[in-house]
Amino acid sequence: MASVSTQAAPPPLPVRNGERQKSWFRSERYFQADGAWFIATREGVDVGPFQSEQETRKHAARLISRLCEVETEEEAQRVALEYRNQPEEEEDQFLSIVGLRQFSRKL
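(A) Fine view of the overall build of the protein chain. Counting its regular elements, the protein chain contains three helices and three strands. The helix and strand sequence of the protein chain, counted from the amino end, reads β-β-β-α-α-α. Here the protein chain, with 107 residues, has 26% of them falling under the buried criterion. Counting contacts in the protein chain only where the partners sit at least 6 residues apart, residues at least 24 apart contribute 42% of the total. Split by element, the accessible area of the protein chain, about 7700 Å² in all, is 52% carbon and sulfur.

Now the structure itself:
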């Protein structure tokens, strides 16, 4: 008698607004170079340096939540680049990108 697996499939990965669900090549988002930690993004932007893996994971979670809010690859690229340049000040820049898009929709 053949056994049937009762394990559920893993939940789908989050996608950005407007993107369809798809399979992603999974690799580690974090890497260490010359003693510093970095985040590798889908947009090809390495964000960092950070002092510890824990700090890197905190910033990665923040950046991923921002990237899930954007609608286009161009916006994602801009958010990733701005976050790379000023991770602590990224909140205001992100809100300006999203706010301008929402404002333009009302016009």
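Following the structure, the description resumes.
(B) Local environment of the pattern of salt bridges. Applying the stated criterion across every chain, the model contains two salt bridges. The salt bridge partner of Arg78 is Glu82, with a shortest N-O separation of 4.0 Å. Of this pair, Arg78 and Glu82 both sit in helix H2 (residues 73-85), four residues apart, roughly one helical turn. Residue classification places Arg78 among the partly exposed residues on the basis of a relative accessible area of 42%. When its relative accessible area of 23% is taken as the criterion, Glu82 is described as partly exposed.

(C) View of unusual backbone geometry. In this structure, Pro49 follows Gly48 across a cis peptide bond, with omega equal to 10°. Within the secondary structure, Pro49 is located in strand S3 (residues 46-50).

(D) Region of interest: the packing of aromatic side chains. Applying the stated rule across the entire model yields one aromatic pair. Taken together, a centroid distance of 5.4 Å and an interplanar angle of 15° make the contact between Phe31 and Phe38 stacked.

Scoring rules and cut-offs
- Residues numbered from 1 in each chain as written.
- Predicted model: local features only at pLDDT ≥ 70, side-chain atom pairs only at ≥ 80, totals over all residues.
- Heavy atoms only, no water.
- Helix = DSSP H or I, 4+ residues; strand = E, 2+ residues; numbered from the N terminus.
- Buried < 20%, exposed > 50% of the residue type's maximum accessible area, 1.4 Å probe, protein only.
- Contact = heavy atoms within 4.5 Å.
- Areas by Shrake-Rupley, 256 points an atom, 1.4 Å probe, with all protein chains shown as cover.
- Salt bridge = Lys/Arg side-chain N within 4 Å of Asp/Glu carboxyl O.
- Phe/Tyr/Trp six-rings, centres within 6.5 Å; stacked < 30°, edge-to-face > 60°.

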